[in-house]
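Examination of the molecular architecture
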Amino acid sequence: MEKKRIGYFDIAKGIGILCVILGHSSIRMAIMLVFTFHMPLFFMISGFFMKKQDLGSLCRDKFRRLIVPYMATCVSIIFLAALSAVFTGRTSDIGKEVLSWSYAALYGSGNTYTQPFYIKAIGAIWFLPAMFWASILYGVLIDKKWCLLGVILLALIGYWTVRYVYLPWSIQSAMLALVFVCAGRGLRIKKQILERPKIWWPVAAFVLWAVCLYLDRGRFYLVGNYSEDLLVDISGGAAGSYLVLVSAQMFEKLPKINASLKWFGRYSLIILCFHVVELTFVPWKEIWAMAGIERGLISGCLTFLGKVVWCSLGVCLVLRVRPLASIFGAEKKDSP
């Protein structure tokens, strides 16, 4: 049972990270679909594996697993930004680029904001500090009788305060994401809902997800706690994530799909970090324009393929370079 559990969670993470890449590939319909659940999925998976732990140990563990790769990726972005300025003849901008990206890395915002002061986005890697804070906050609440109430209050605080000020390290996104961490913990307690589901449970989840998709059309951005209807988006995110987890158990019975998705899931952290670098520096639109490919479905699919190849090569590089493998925790095969 333990091997099966780890197996299909790796598959679910593989589906999730591919959806993250797909959501950044300029395919409009894909964006509408994946933005309903791809970020909630990772927080739900994290919640499933949360357990009562000494706060100091939890902080050290999450810092090593999440913040160390975050800092390494930020350093890479800063270095490449300076290098880009040199190669494009903008040597006078090197200092400005280094400072700009250094501030972005220190603030850890997933969006660029101008009010109440200017915050440059660090990009999709905002997820790592958000996951760090979500893990710490839920680690504090996990054994409390009022855990659910605490989760709801923190989620509402995170959702409303972002309209006035955006706090560093995506902590407000983490506060709202606690709802999905808590849902994942609930699946751990009620395992039969996930591992021995009655047929009507996935069907009901699909109907709920489809309705939420129709009502909101994928406009749930956890990165900035943007939602036109919070209850709809939370319901759709939880239902969509549950469907991915149930589907992952079916994919586990298909050897070729099983192996590929497990690989992407096992190294999803590395893939995310290389994806952020690619998002920042690879001008896919200009590449396809120079190749004479018009913007549309074909260019979107080619962009997705290019991103997947880039990230896969990044994983191969990390696995071959021991210091990098140590930074990303790829020296041993950890459970999700």
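Scroll up a little and you will see the structure.
In this report, we go over the structure that sits alongside the text. Please read these numbers as outputs of a predicted model, since none were measured by experiment. (Residues numbered from 1 in each chain as written. Predicted model: local features only at pLDDT ≥ 70, side-chain atom pairs only at ≥ 80, totals over all residues. Heavy atoms only, no water.)

Time to look at the overall build of the protein. Across its full length, the protein holds 16 helices and zero strands. Over its C-alpha trace the protein gives a radius of gyration of 20 Å, about what one expects of a compact globule, namely 20 Å for 336 residues. In terms of overall dimensions, the protein has C-alpha extents of about 60 × 45 × 45 Å along its principal axes. Considering only intrachain contacts with a sequence separation of at least 6, the fraction spanning at least 24 residues in the protein is 75%. A total accessible area of about 16800 Å² is found for the protein, and carbon and sulfur atoms account for 68% of it. Here the protein contributes 36 positive and 18 negative side-chain charges, whose respective centroids are spaced 7 Å apart. (Helix = DSSP H or I, 4+ residues; strand = E, 2+ residues; numbered from the N terminus. Rg over C-alpha atoms; globule rule 2.2 N^0.38 Å. Contact = heavy atoms within 4.5 Å. Areas by Shrake-Rupley, 256 points an atom, 1.4 Å probe, with all protein chains shown as cover. Lys, Arg positive; Asp, Glu negative; His and termini not counted. Charge placed at Lys NZ, Arg CZ, Asp CG, Glu CD.)

Moving on, we come to the packing of aromatic side chains. Both the distance between ring centres and the angle between the ring planes are used here to describe each pair of aromatic rings. Evaluated as defined, the whole model comprises 19 aromatic pairs. Centre to centre, the rings of Y113 and Y166 are 4.5 Å apart; their planes meet at 25 degrees, and the pair counts as stacked. Of the two residues, Y113 is situated in the loop between α5 (94-107) and α6 (127-141) and Y166 in the loop between α7 (147-161) and α8 (171-189); the sequence distance between them amounts to 53 residues. As far as burial versus exposure is concerned, Y113 and Y166 are alike and both buried. Here Y159 and W160 contribute two aromatic rings whose centre-to-centre distance is 5.3 Å and whose plane-to-plane angle is 75 degrees, an arrangement assigned as edge-to-face. Judged by its relative accessible area of 7%, Y159 is buried. Residue classification places W160 among the partly exposed positions, given a relative accessible area of 47%. Its end group placed over the ring of W101, K120 keeps NZ or CZ at 3.8 Å from the ring centre. Lying over the aromatic face of Y159, R163 brings its terminal NZ or CZ to 4.1 Å of the ring centre. (Phe/Tyr/Trp six-rings, centres within 6.5 Å; stacked < 30°, edge-to-face > 60°. Buried < 20%, exposed > 50% of the residue type's maximum accessible area, 1.4 Å probe, protein only. Lys NZ or Arg CZ within 6 Å of the ring centre and 35° of its normal.)

In this structure, F43, F127 and Y138 are the most contacted members of the largest nonpolar core, which totals 95 residues. What F43 contacts, discounting residues up to four positions off in sequence, is F127, A130, M131, A134, A177, F180, V181 and L222. Among the nonpolar cores identified, the runner-up in size contains five residues, and Y107, Y113, V162 and Y166 belong to it. (Core = buried A, V, L, I, M, F, W, Y, C linked by side-chain atoms within 4.5 Å.)

Attention now moves to helix α4 (residues 55-87). Taking 1.5 Å of rise per residue, the 33 residues of α4 would be expected to cover 48 Å, and the 46 Å separating its terminal C-alpha atoms lies within 8% of that figure. At the N-terminal end of α4, a side-chain oxygen is found 3.2 Å from the backbone nitrogen of G56, two or three residues along, and the residue is D54. Looking one or two places after α4, you find G89, whose phi comes out positive at around 75 degrees. (Expected span 1.5 Å × (residues − 1). Polar contact = N/O pair within 3.5 Å; in protein donor to acceptor, adjacent residues only side chain to side chain.)

Glancing now at helix α15 (residues 297-320). Spacing of three or four residues puts side chains on the same side of an α-helix, whose turn is 3.6 residues. Relative to the 34 Å expected for 24 residues at 1.5 Å per residue, α15 spans 35 Å between its end C-alpha atoms, a close match to the ideal helical length. What α15 keeps buried is the set S299, G300, T303, G306, K307, V308, C311, S312, G314, V315 and V318.

Quick look at a nonpolar patch on the surface now. On the surface, I199, W200, V203, F206, V207, V211, Y214 and L215 cluster together to form a nonpolar patch covering roughly 890 Å² of accessible area. Within the secondary structure, W200 sits in helix α10 (residues 200-216). (Patch = residues over 30% accessible without salt bridge, like charges linked within 9 Å, V, L, I, M, F, W, Y side chains within 5 Å. Salt bridge = Lys/Arg side-chain N within 4 Å of Asp/Glu carboxyl O.)

Time to look at the environment of P116. The residue P116 is located in the loop between α5 and α6 in this model. With 98 residues separating them along the chain, P116 and L18 place their C-alpha atoms 35 Å apart. Excluding its chain neighbours within four sequence positions, the residues that come into contact with P116 are Y164 and V165.

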